[in-house]
Amino acid sequence: MPKSTLYSPIQMLSGLGPRKSEILQKELGVRTFFDLLQKFPFRYIDKTIIQQISDLGNSEDYVQIIGRVVSKNLVKGKFKKRLVVKIEDKTGRLELVWFQGVAWVEKSIVIGQAYLFYGKINGFKGKLNITHPDFELATDKKRLKGALDPIYSSTEKLNANGLGQKQRKKMIQEIFRLVPPSQFVENIGLEYRQKLSIISKYESLRLIHFPNHVDEKEAAEKRLKFEELFFLQLKILFQKGLRKGKVKGIVFPEIGEKFHHYYKNKIPFELTRAQKRVIKEIRQDMGSGFQLNRLLQGDVGSGKTMVAILTMLIAIDNGYQCCLMAPTEILARQHFDSIQESMKGTGIHVAFLSGSIKGKKRQETLSLLKEGLIHILIGTHALIEKWVEFKNFGLAIIDEQHRFGVAQRAKLWQKSKDRIPHILVMTATPIPRTMALTVYGDLDTSVIDELPPGRKPIKTIHQYENKRIELYKFIDSEIKKGRQAYIVYPLIEESSTLDLQNLQDGYDRLLHVFPRPDFQISVVHGRMKAADKAAEMERFVKGETHIMVATTVIEVGVNVPNASVMVIENAERFGLSQLHQLRGRVGRGADKAYCILMTSFKVSKEGKERLSTMVRTNDGFEIAEVDLKLRGPGDIEGTQQSGILELKLANIVKDQSLLMYSRTFATNILRDDPSLEKEQNKPFLDYLKTMKSFQKDWGRIS
Ligand code: ADP
Ligand code: MG
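Numbering of residues begins from 1 in every chain and follows the order in which that chain's sequence is written. To read the labels, note that chains go from A and ligands from 1, taken in the order they are written. It should be noted that, the model being predicted, local features are given only for residues of pLDDT at least 70 and side-chain atom pairs only at 80 or more, the latter also being counted only at that level, while totals for whole chains, interfaces and linings use all residues. Only hydrogens and water are set aside; all other atoms, that is, all heavy atoms of the structure, feed into the side-chain values.

Undergrad: Quick question: what am I supposed to make of the sheet that holds strand E21 (residues 594–599) here?
TA: Two strands pair if DSSP finds at least two bridges between them. Put simply, DSSP H or I for four residues or longer makes a helix, DSSP E for two residues or longer makes a strand, and each gets a number counted from the N terminus. The strand order across the open sheet built from 6 strands is E16-E21-E20-E17-E19-E18, with neighbouring strands paired in parallel fashion. Two strands in the sheet have a free side with no partner beyond their single neighbour: strand E16 (459–464) and strand E18 (521–524). Direction aside, neighbouring strands of the sheet carry axes that sit 20° apart on average. Bridge analysis of E18 against strand E19 (residues 547–550) gives 4 bridges, and the strand direction is parallel. Within E19, the position partnered with Val-524 by the bridge is Ala-550. Docked against the sheet, helix H19 (residues 576–583) engages E16, strand E17 (484–488), strand E20 (563–568) and E21, running at close to 155° with respect to E20. Angles run from 0 to 180 degrees between N-to-C directions of axes, and those axes are lines fitted to C-alpha atoms, restricted for helices to the stretch in contact. Should any heavy atoms of two residues lie within 4.5 Å, those residues are considered in contact.

In structure tokens, the structure reads:
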């Protein structure tokens, strides 16, 4: 027989013919022994615990009972016979049922004898029973000794094809019999393992499947979780190190005349301390010869735009062009209008480009850009298309990054001729610390943790549908004070007709409550043409309309300081970060602002937690932490490429302290040995090279 390795195909396991192997592959995606080993149990049954019949709840859980057989009956069913066995212990009676192997069980079970039964309890017509329990003589004490029984996630199909729990366990046991321990390549050397007090790779894999005790299970989990988090961090930090070492950024040594002129004459306010600090951090990167590759986090309204402008001026002072990208046309246009306005008289040429700019206008913009006559290009992701050519591209600023993927960021790299342009990514969605270290771990981060002075916190209220009349009265009173209001409807998909209908109904009702000509109402939704959207937006910005009815297209960046009320309809349907973004649209003037979350009476438990979080706090970081806790890392945007979805056991929320610890550990190793050349670190590099997400970058950089 050929020798087995970890990578032997599963067909080599006994009892697995081509058909069963294929089912396993289809259902679980496993081809090799190793794949199967990587499917860890999702829980364990403690076989040291024996329940009493009177304590059994209808919990669908696995239980172990010692009971004496009272009766056994073959019952004729519609198609087949079944065996019904009644057992009892001191506390009560229970029915056990077999549909298969009836004859054999009937023969084996003796009335009056006590057995240990093990199986999944279920309720059938109000009565509890166990179908197909395992059983053995209760005198057999061997089984009762401490053992945790692994339970794997399975499927109907697997169970129906004789590939259920019992067989899964057998297959894994067989793998451990066939494959010698030396086959399990250790990726954390002994010395490190001792330092970390973690067990070996082989031991951890064995014990994660077959722990004899909770301690063993925990030791296995600790090792495997640490391994996952550590290599994720090591990968991120190693790549970052490589980039810093090998990728030369364009050097912007000068803080020149344009920057100083703007700083002195064009900024109508004093920069906050946080803005000043962040600009300093950016200047340091750009002046250093390394590439600026930085994530700028700042809550809504913290003044990121000004930081963006000053950063662009540094690039321009050094003779380079730059671009500012926004995720929506509306937002891009707003940036364009305000930045063009503020650049008047500075000799800086600002241009706009998006998918809706066509024909001659587009040609003209493109050729001016190529000649280097445009200094700042503002627009949507049309900017990163191949046909957009710069003469001397030095800096890209991306606003509201969570809609731009890593791939799009990479496209920017190709726009500059010799050296990689600087990239500043700005986000108003605060990123929880654990996410910043993983999903955005390749970027440096700066945080604007201070709002401009004079901002009043927004008062947030959760209101039910029956308070609608009061709501309208309140909006009316704010409009009478000269303020404006947003009313936002959910839009899960841009094409959802139902949502549009909601908005239409709401709009009709509002027209009724706030009739023309005393009141003017704007509408903006995703189905409108970009130009119409912009025109409607414009009317609201200029104060020509009192109420803006919109879907979430207004979510990001829109700036109307006079607006004091944000009403969010069906607020239970929005995610936390969206709610927070929307709320940030108000409270930008010095006046008191309100956010009113309207819901029906039917709100899920999670929905309630989102709403109460919004009512409780204005702190974006706190909200982001709750959001991550509620949704879990898998659902957060940007996680797809990050490798955190490859985590099998570790969870960046629940295992936060282990994440921090592994980060520190990885940092220390790389500080001492940046290219992982030392003998004791060789296993690390070898292992990194087996990681898919590492290979691509490794190829590109080295
Ligand atoms: P965001 O960080 O959400 O992009 P913006 O850059 O749009 O915030 O700034 C929000 C508002 O705050 C703008 O009207 C801007 O002019 C103003 N602002 C920015 N920085 C300051 C400051 N230091 N002092 C006063 N107002 C400021
Ligand atoms: Mg902004």
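Undergrad: Is there a simple way to explain the side chain of Lys-201 in this structure?
TA: Note that Lys-201 resides in helix H7 (residues 201–209). Apart from residues lying up to four places away in sequence, Lys-201 is in contact with Val-185, Glu-186, Asn-187, Arg-223 and Glu-227.

Undergrad: Looking at this structure, I do not really get the pairing of strand E11 (residues 350–353). What am I missing?
TA: Each regular strand displays side chains that alternate between the two surfaces of the sheet. When accessible area is computed with a 1.4 Å probe and restricted to protein chains, residues below 20% of their type maximum are described as buried, those above 50% as exposed, and intermediate ones as partly exposed. Residues of E11 alternate between two faces, with Val-350 and Phe-352 on one and Ala-351 and Leu-353 on the opposite face, all of them buried. Note that E11 and strand E12 (residues 376–379) share 4 bridges and pair parallel. By the bridge assignment for E12, Phe-352 is matched with Ile-378. For the crossover from E11 across helix H13 (residues 359–370) to E12, the handedness is right-handed. Orient the strands so they point away from the viewer; a crossover is then right-handed if the path from the first strand over the helix to the second runs clockwise.

Undergrad: Is there a simple way to think about the sheet that holds E11 in this case?
TA: Picture the strands of a sheet paired through backbone hydrogen bonds; they go either parallel or antiparallel. Read from one edge to the other, the open sheet built from 7 strands follows the order E11-E12-E10-E13-E14-E9-E15, with strand pairing classed as parallel. Edge positions in the sheet fall to E11 and strand E15 (444–448), since each of these pairs with one other strand and no more. In this sheet, adjacent strand axes meet at a mean angle of 20° when their direction is disregarded. As defined by bridge partners, strand E9 (residues 293–298) adjoins strand E14 (residues 422–427) across 5 bridges and the pair is classed as parallel. Looking across to E14, one finds that Leu-295 is bridged to Val-425. Strands E9, strand E10 (321–325), E12, strand E13 (393–399), E14 and E15 of the sheet are contacted by helix H11 (residues 304–317), whose axis makes an angle of about 175° with E13.

Undergrad: How should I be thinking about helix H21 (residues 620–631) in this particular structure?
TA: A turn of α-helix holds 3.6 residues, and therefore any two residues three or four places apart point the same way. Here, expected helix span is obtained from the residue count minus one, scaled by 1.5 Å. With 12 residues, H21 should reach 16 Å at 1.5 Å per residue; the first-to-last C-alpha distance of 16 Å fits that figure. The complete set of buried residues in H21 reads Gly-620, Ile-623, Ala-624, Val-626, Asp-627, Leu-628 and Leu-630. Elements in contact with the buried residues of H21: helix H15 (433–438), H19 and helix H20 (605–616). Between N or O atoms, a polar contact is any pair within 3.5 Å; within protein, one atom must be a potential hydrogen donor and the other a potential acceptor, and residues adjacent in sequence are included only when both atoms are from side chains. The opening residue of H21, the one whose side-chain oxygen lies 2.8 Å from the backbone nitrogen of Phe-621, is Asp-619.

Undergrad: What's the story with the site of ligand 1 in this structure? I'm lost.
TA: Note on definitions. A residue lies near a molecule or strand when any single heavy atom of the residue is within 4 Å of it. The immediate surroundings of ligand 1 are formed by 16 residues, with Gln-275, Gly-301, Lys-304, Thr-305 and Arg-455 found nearest. Between ligand 1 and Gly-301, the relevant distance is 2.6 Å, taken from an oxygen atom to a main-chain nitrogen or oxygen of the residue. Interatomic distance of 3.1 Å between a backbone N/O atom of Gly-303 and an oxygen atom of ligand 1. In these tables, accessible area is a Shrake-Rupley quantity obtained with a 1.4 Å probe, and a residue counts as shielded only by the protein chains included in the view. Protein chains bury 80% of the 560 Å² of accessible surface belonging to ligand 1 in isolation. In terms of residue class, the shell around ligand 1 is built from 4 nonpolar, 7 polar and 5 charged. For this classification, Asp, Glu, Lys and Arg are treated as charged, while Ala, Val, Leu, Ile, Met, Phe, Trp, Tyr, Cys and Pro are nonpolar and the rest, including Gly, are polar.

Undergrad: Help me out: how do you make sense of the pattern of salt bridges in this one?
TA: When charged atoms on two side chains of opposite charge get close, those side chains can pair. Salt bridges are defined by distance alone: a side-chain nitrogen of Lys or Arg within 4 Å of a carboxyl oxygen of Asp or Glu. One pass over the full model with this rule turns up 35 salt bridges. Here the salt bridges do not stand alone but share partners, grouping Glu-186, Arg-193, Lys-201, Arg-223 and Glu-227 into one network.

Undergrad: Would you explain the packing of aromatic side chains in this entry?
TA: For any pair of aromatic rings, the description rests on two quantities: the centre-to-centre distance and the angle between the ring planes. The pairing test for Phe, Tyr and Trp rings, Trp by its six-membered ring, is centres within 6.5 Å, and the orientation test on the planes gives stacked under 30 degrees, edge-to-face over 60, and tilted for anything in between. Tallied over the entire structure, the rule returns 30 aromatic pairs. Considering the side-chain rings of Tyr-115 and Phe-135, the 5.9 Å spacing of their centres and the 85° angle between planes classify their relative orientation as edge-to-face. Taken together, the positions of Tyr-115 in strand E5 (residues 114–124) and Phe-135 in strand E7 (residues 134–137) put the pair 20 residues apart, joining distant regions of the chain. Grouping residues by exposure puts Tyr-115 and Phe-135 together as buried.

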